[in-house]
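What follows is each chain in one-letter form.
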Amino acid sequence: MSAGAWRGLLSSYVPVALDAARQPASTIGVLVSVANGASVVGSAVVARACYRRMVRAFVFATLATGVATGLVALAADAPWAAAALLAVSGLGAGALQTVGPAIAADSVHREERGEAIAAAGTFRAAALFAAPACP
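Now for a look at the structure at hand. (Residues numbered from 1 in each chain as written. Predicted model: local features only at pLDDT ≥ 70, side-chain atom pairs only at ≥ 80, totals over all residues. Heavy atoms only, no water.)

### Quick word on the side chain of Thr65
- Tracing the chain through its elements places Thr65 in helix 4 (residues 51-75).
- In this structure Thr65 touches Ser2, Trp6, Ser89, Gly92, Ala93 and Leu96, once residues within four positions along its chain are discounted. (Helix = DSSP H or I, 4+ residues; strand = E, 2+ residues; numbered from the N terminus. Contact = heavy atoms within 4.5 Å.)

### Brief notes about unusual backbone geometry
- The phi torsion at Arg22 lies on the positive side, around 65°, for a residue other than glycine.
- Mapped onto the elements, Arg22 comes out in the loop between helix 2 (13-20) and helix 3 (25-46).
- When its relative accessible area of 76% is taken as the criterion, Arg22 is described as exposed. (Buried < 20%, exposed > 50% of the residue type's maximum accessible area, 1.4 Å probe, protein only.)

### Some words on the packing of helix 1 (residues 2-11) against helix 3
- In the contact formed by helix 1 and helix 3, the axes pass within 11 Å of each other and the chain directions differ by 160°. Compared by their axis directions, helix 1 and helix 3 come out roughly antiparallel. Classified by chirality, the crossing of helix 3 by helix 1 is left-handed. Between helix 1 and helix 3, the residues in contact are Trp6, Arg7 and Leu10 and Val32, Ala35, Asn36 and Ser39, respectively.
- A breakdown of the residues in the contact of helix 1 with helix 3 according to their chemical character gives four nonpolar, two polar and one charged. (Axes fitted to C-alpha atoms, helices over the stretch in contact; angles between N-to-C directions. Parallel < 35°, antiparallel > 145°, perpendicular 65-115°, else oblique. Left-handed = near helix turned anticlockwise from the far one by under 90°. Nonpolar A, V, L, I, M, F, W, Y, C, P; charged D, E, K, R; others polar.)

### Quick look at the layout of surface pockets
- Quantified by volume, the second largest pocket comes out at close to 160 Å³.
- Every residue lining the second largest pocket is listed: Gly42, Val45, Val46, Ala57, Phe60, Ala61, Ala64, Val88, Leu91, Gly92 and Ala95.
- Of all the elements in the fold, those that place two or more residues in the lining of the second largest pocket are helix 3, helix 4 and helix 5 (79-106).
- Considered class by class, the residues forming the lining of the second largest pocket number nine nonpolar, two polar and no charged. (1 Å grid on protein atoms, 1.4 Å probe; cavity = no way out; pocket = protein on both sides within 12 Å on 5 of 7 lines; lining within 4 Å. Points joined across faces, edges and corners; volume = space filled by probe spheres on them.)

See below:
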């Protein structure tokens, strides 16, 4: 759910917070791109992790994504600080997008893996939908 919530907030909360800090549209676009690029890197970094490291990565990535995304509003006046926070949140979200379904698949019997991955995707989609609507 954290990866879906991050994606939803990156598309809604982050641009609004940066706009409220009077950042120009071009800066907002670059900052969102930094987060998306970091997400790709985060996915690549954890792609070959063993199961034991995946669980640790999942916990760390969840904390990094949530805390860094939450702090963006406080750093919105300083583009470099916002970029650093968005990079951290993107790294975490990218890791979550990869590790979450992998943990779900490894947690069930072989014949149930498809259902586990589908369930993980369903929760991610629900969070993508719900997170921007939560006050």
